[in-house]
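The lines below spell out each chain.
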Amino acid sequence: PAVVLVLGMVLGGIQLGVVQIRLQDAAADAARSLGRGDSAPALAARLAQQAPGAQWSSSRSGAMVCAHLTASAGGPAALLGLTVSATSCARAEQ
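Bear in mind that the values here come from a model prediction, so they are computed numbers and not experimental data.

Participant: For the pattern of salt bridges, give the residues involved together with the corresponding values.
Facilitator: Here the structure, examined in full by the defined rule, presents four salt bridges. Salt-bridge contacts for Asp29 lead to Arg32; the nearest nitrogen and oxygen are separated by 3.9 Å. Taken as a pair, Asp29 and Arg32 lie in helix 1 (residues 2-36) at a separation of three residues, close to a single helical turn. Residue Asp29 is classed as buried on the basis of its relative accessible area, which comes to 14%. Several salt bridges converge on common partners, so that one network encompasses Asp29, Arg32, Arg36, Asp38 and Arg46.

Basis of the calculations
Residues numbered from 1 in each chain as written. Predicted model: local features only at pLDDT ≥ 70, side-chain atom pairs only at ≥ 80, totals over all residues. Heavy atoms only, no water. Salt bridge = Lys/Arg side-chain N within 4 Å of Asp/Glu carboxyl O. Helix = DSSP H or I, 4+ residues; strand = E, 2+ residues; numbered from the N terminus. Buried < 20%, exposed > 50% of the residue type's maximum accessible area, 1.4 Å probe, protein only.

Rendered as structure tokens:
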């Protein structure tokens, strides 16, 4: 029983890492899109493909625009109520 528990924890940790990487990639893509001035509906559609179920918001500070994404961890980590978040910023085109 202990081996199964440890194996489940290891696999859950790996899955959590994969979700974090996908979310960070999606946040970087979203920040670049916002910086280019892409429309919010187009960005939302792209994010729905890249990070299904993720919630997103954006903020602007001077010449920088940032995308913030949050998603449920999924898998065994979701049983613990864990969430994963990522933020990425890009320079807004003038």
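Now that the structure has been shown, the text picks up again.
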